[in-house]
Amino acid sequence: MPSKRPTSSARKQAVEDFPSRRSDPLRIVAIGGGTGLSTLLKGLKRYAPHVGEQPLSPLVEITAVVTVTDDGGSSGRLRRDFDILPPGDIRNCMVALSEDEALLTQLFSYRFKSGRGLKGHSFGNLFLAVLTQITGDFSKAVRLSSEVLAIAGQIYPSTVGNVTLRAHLENGKVLDGETRISRSESPIQTIELLPSDAKPMAETLQAIRRADLITMGPGSLFTSVVPNLLVDRIPAAIRRSPALKACFVNLMWQPGETTGMSAADHVDAIHRHAGRRLVDCAVVNTDPISDTLLVRYARQRAMQVANDFDRLKALGVDVVGLPLLKAGEKARHDPDRIAHAAVELAKKGRRRILEREKTL
């Protein structure tokens, strides 16, 4: 039976969403938070067209969608004192995408070691807090701060609402707050946002709609990745987007959050919380982790995330296995390697979209 032709309104929307798509930079929307998202952005920055040095090819347009549920440390204090969104994860993304990795980056990353009321705060967090007070708009403060750092991309909080995380644990307990949740002794069953009707920025939805690739992770599954997928309209927008959707699976368990979880468990948790199937492919590490490093992590009750290929395929997810480990004393993704993987997937997403456009 022949496929149904798109309506004229659908064809018009496609033209509006993807003008001159063939010659445009690849569009990557990276969803998450914490060090995982910053690592990916740091690698992707080298493909951005407006960095100081000659960018790698192909050119990439970067959009980061960042969780805003942190309630600990400097971010938590500023959130309570000034009733603003927590700036920490967004600050880390700005630093990762900064054109100048020397003085300005050091400045925004600087953490006060003493001083009544200042100790423990980072300068970047304070800068964002001050700009929010001046402008009365956190998202505008992020944009202005990004201009100061001349960042290679766009950064949007997943919601401008003041939201809190709530976790329902396997032992029946309920925990409120990202800090308490990340220290949980019992496995997490589900996560929810309070309030549950948090709204996204229009710019976020547009970036998702126009993307060639949407990434989820790496990073803390329940406190960095999933919270973004609980924001109203974001899961539906991801599902409708013609982009390729990839989950970058973590290397190790996160004690108190993902203990015992395999690669397929990560994908399944994303689907359960989003209320629909989102992930097209799972990117997993194939580099061996040294016995010395594994023993060190085992002392912290963390083990390597198992790559259960058969279960991933049973979920309808393609598996991309690559050597992604960064050399060092910690198990971390290599920024350049995961960025290269993302760019190759974005190329695949662009090809798929162009093929789809031929039928419009």
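Residues numbered from 1 in each chain as written. Predicted model: local features only at pLDDT ≥ 70, side-chain atom pairs only at ≥ 80, totals over all residues. Heavy atoms only, no water.

**Observations regarding the sheet that holds strand β5 (residues 174-176)**
- Strand order across the open sheet formed by three strands is β5-β4-β6, with antiparallel pairing between neighbours. If you trace the sheet from one side to the other, it starts and ends with β5 and β6 (188-194), each paired once. Neighbouring strand axes in the sheet, compared pairwise and without regard to direction, differ in orientation by 20 degrees on average. (Pairing = 2+ DSSP bridges. Helix = DSSP H or I, 4+ residues; strand = E, 2+ residues; numbered from the N terminus. Axes fitted to C-alpha atoms, helices over the stretch in contact; angles between N-to-C directions.)

**Concerning a positive patch on the surface**
- A contiguous patch of positive charge, built from Arg233, Arg239, Arg240 and Arg276, is present on the exposed surface.
- Looking at the secondary structure, you find Arg240 in helix α11 (residues 234-240).
- A relative accessible area of 65% means that Arg240 is categorised as exposed. (Patch = residues over 30% accessible without salt bridge, like charges linked within 9 Å, V, L, I, M, F, W, Y side chains within 5 Å. Areas by Shrake-Rupley, 256 points an atom, 1.4 Å probe, with all protein chains shown as cover. Salt bridge = Lys/Arg side-chain N within 4 Å of Asp/Glu carboxyl O. Lys, Arg positive; Asp, Glu negative; His and termini not counted. Charge placed at Lys NZ, Arg CZ, Asp CG, Glu CD. Buried < 20%, exposed > 50% of the residue type's maximum accessible area, 1.4 Å probe, protein only.)

**Digging into the sheet that holds strand β8 (residues 244-248)**
- Spatially, β3-β2-β1-β7-β8-β9-β10 is the arrangement adopted by the seven strands of the open sheet, whose pairing is parallel. Looking along the sheet, the strands with just one partner apiece sit at the ends: β3 (154-157) and β10 (318-322). Strand-to-strand, the axes of this sheet are offset by a mean angle of 20 degrees, without reference to chain direction.
- Here seven bridges tie strand β1 (residues 26-32) to strand β2 (residues 60-66), and the two strands are oriented parallel to one another. Across the sheet, residue Val29 finds its bridge partner in β2, namely Thr63.
- The strands that helix α2 (residues 34-44) touches are β1, β2 and β7 (213-216); relative to β1, the one it contacts most, it runs at about 160 degrees. (Contact = heavy atoms within 4.5 Å.)

**Focus: unusual backbone geometry**
- That bond from Ser57 to Pro58 is cis: its omega, 0 degrees, falls within 30 degrees of zero.
- Within the secondary structure, Pro58 is located in the loop between α2 and β2.
- The amide bond that connects Leu194 to the next residue, Pro195, takes the cis arrangement and shows omega of -5 degrees.
- Position of Pro195 among the secondary structure elements: in the loop between β6 and α9 (202-210).
- Of note in the backbone geometry, Arg301 takes a positive phi value of approximately 60 degrees without being a glycine.
- Tracing the chain through its elements places Arg301 in the loop between α13 (291-298) and α14 (309-314).

**A look at the confidence of the model for the protein**
- Of the residues in the protein, 92% have a pLDDT of 70 or more, and the chain-wide mean is 89.
- Throughout residues 1-6 the model reports pLDDT below 50, and contacts reaching past four residues in sequence, or to other chains, amount to five contacts. (pLDDT = per-residue confidence, 0-100.)

**Examining the packing of helix α4 (residues 88-97) against helix α7 (residues 138-149)**
- Axis separation between α4 and α7 bottoms out at 10 Å; the angle between their running directions is 25 degrees. Between α4 and α7, the crossing angle belongs to the class labelled roughly parallel. For the crossing formed where α4 meets α7, the hand is right-handed. Judged by residue contacts, Ile90, Met94 and Val95 of α4 engage Phe138, Val142, Ser145, Ser146 and Leu149 from α7. (Parallel < 35°, antiparallel > 145°, perpendicular 65-115°, else oblique. Left-handed = near helix turned anticlockwise from the far one by under 90°.)

**Looking at the packing of aromatic side chains**
- Considering all chains together, one arrives at four aromatic pairs under this definition.
- Each ring, one from Phe108 and one from Phe123, has its centre 6.0 Å from the other, and the planes form 80 degrees; the classification is edge-to-face. One end of the pair, Phe108, is in helix α5 (residues 103-109); the other, Phe123, is in helix α6 (residues 123-135), and 15 residues separate them in sequence.
- For Phe108, a relative accessible area of 1% gives the class buried.
- Centroid distance Tyr110 to Phe112: 5.3 Å. Interplanar angle 80 degrees. Geometry classified as edge-to-face.
- Under the relative-accessibility criterion, Tyr110 is labelled partly exposed at 40%.
- In this structure an aromatic cluster arises from ring pairing among Phe108, Phe123 and Phe127. (Phe/Tyr/Trp six-rings, centres within 6.5 Å; stacked < 30°, edge-to-face > 60°.)

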